[in-house]
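Each chain, written out:
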Amino acid sequence: TGARDLRTDGSSMMADDTSGTSWFFSAPEKYLGDVREAYGGRLEFSLGHLHSDSRGMTPPVGNDVELFSARDSTTLARRGLVKPWVYASTFEVHLDTSNEWVDVTTGEVATEEGIERVLGALSALRIRGGHYAGRETTWLKHVVLRRAERMGD
């Protein structure tokens, strides 16, 4: 949301923007709903920039991944994943308390119960695409939501 000229080719998406605002790639329905089995698992993805114009400014730190539940209007976020001036990275974001998910409203670190509650009624999963002050072209690919491995799996 917020990007212009979104293009997809099956396993990847690419978007351009010129606004300098934070915008996000939003997950499709298959990633949403009751995904509590993902607690203890991870979100994996690759993200990069083909072009960016910082306008001489350091890119701002922001929410790089957001999990939102409309059931209780809670957004949990992970910040500081995407490093400035690194133009391609692969991420494994653990869906548990080891990653310091933060409740955006309270500023508090999310508890196991809080993460499970959001995953139990996940309304949106967003990955930030807008990182720079000027024009940028951002790509996202290989997005996988891995459930936790349990004994006997």
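Structure: above.
None of the values given here were measured: they were computed from a predicted structure. (Residues numbered from 1 in each chain as written. Predicted model: local features only at pLDDT ≥ 70, side-chain atom pairs only at ≥ 80, totals over all residues. Heavy atoms only, no water.)

A. A look at the sheet that holds strand 8 (residues 102-103). Spatial strand order, 3-9-5-6-8: five strands in an open sheet with antiparallel pairing. Taken across any chain shown, the strands that pair with only one partner, and hence form the sheet edges, are strand 3 (24-26) and strand 8. Where strand 3 lies against strand 9 (residues 124-128), three bridges are found, and the strand directions are antiparallel. Each residue of the ladder has a partner; that of phenylalanine 25, found in strand 9, is isoleucine 127. (Pairing = 2+ DSSP bridges. Helix = DSSP H or I, 4+ residues; strand = E, 2+ residues; numbered from the N terminus.)

B. Looking closely at helix 1 (residues 112-120). Those residues of helix 1 that fall on the buried side of the exposure criterion are Gly114, Ile115, Val118, Leu119 and Gly120. Those residues of helix 1 that are buried lie in contact with strand 5 (63-69) and strand 6 (74-79). (Buried < 20%, exposed > 50% of the residue type's maximum accessible area, 1.4 Å probe, protein only. Contact = heavy atoms within 4.5 Å.)

C. Region of interest: the nonpolar core. Counting residues in hydrophobic clusters, the biggest one holds 28 residues, and the most contacted among them are Phe45, Leu47, Leu67 and Trp101. If you list the elements that add at least two residues to this core, you get strand 4 (42-52), strand 5, strand 7 (88-94), helix 1 and strand 9. Excluding residues within four positions of it along the chain, leucine 47 makes contact with Phe25, Val82, Tyr87, Ala88, Ser89, Phe91, Ile127, Arg128, His131, Thr138, Trp139 and Leu140. (Core = buried A, V, L, I, M, F, W, Y, C linked by side-chain atoms within 4.5 Å.)

D. Representation of the packing of aromatic side chains within the structure. Tallied over the entire structure, the rule returns two aromatic pairs. Relative to phenylalanine 25, the ring of tryptophan 23 lies with its centre 5.1 Å away and its plane at 70 degrees, an arrangement referred to as edge-to-face. Note on tryptophan 23: relative accessible area 1%, which makes it buried. The ring of tryptophan 139 has lysine 141 lying over it, and the distance from NZ or CZ to the ring centre is 4.8 Å. (Phe/Tyr/Trp six-rings, centres within 6.5 Å; stacked < 30°, edge-to-face > 60°. Lys NZ or Arg CZ within 6 Å of the ring centre and 35° of its normal.)

E. Spatial organisation of the side chain of arginine 78. With respect to the element layout, arginine 78 can be found in strand 6. Beyond its immediate stretch of four places on either side in the chain, arginine 78 contacts Gly62, Asn63, Asp64, Val65, Val93, Asn99, Glu100 and Trp101.

F. Fine view of the environment of alanine 77. With respect to the secondary-structure elements, alanine 77 resides in strand 6. Separated by 48 residues in sequence, alanine 77 and leucine 125 place their C-alpha atoms 10.0 Å apart. Among residues more than four places away in sequence, those in contact with alanine 77 are Asn63, Val65, Glu66, Glu100, Trp101, Val102 and Val104.

G. Focus on the environment of threonine 105. When you line up the elements, threonine 105 lands in the loop between strand 8 and helix 1. When the C-alpha positions of threonine 105 and serine 73 are compared, they lie 9.3 Å apart, and in sequence the two are 32 residues distant.

H. Molecular detail of the pattern of salt bridges. Tallying each qualifying case throughout the model produces eight salt bridges. The shortest N-O distance in the salt bridge between glutamate 92 and arginine 42 comes to 3.8 Å. Taken together, the residues span a long stretch of sequence, with glutamate 92 in strand 7 and arginine 42 in strand 4 at a distance of 50 residues. What you see here is one network of salt bridges that share partners, running through Arg42, Glu44, Glu92 and Arg146. (Salt bridge = Lys/Arg side-chain N within 4 Å of Asp/Glu carboxyl O.)

Geometric descriptors of this kind do not, in isolation, establish any biological role.
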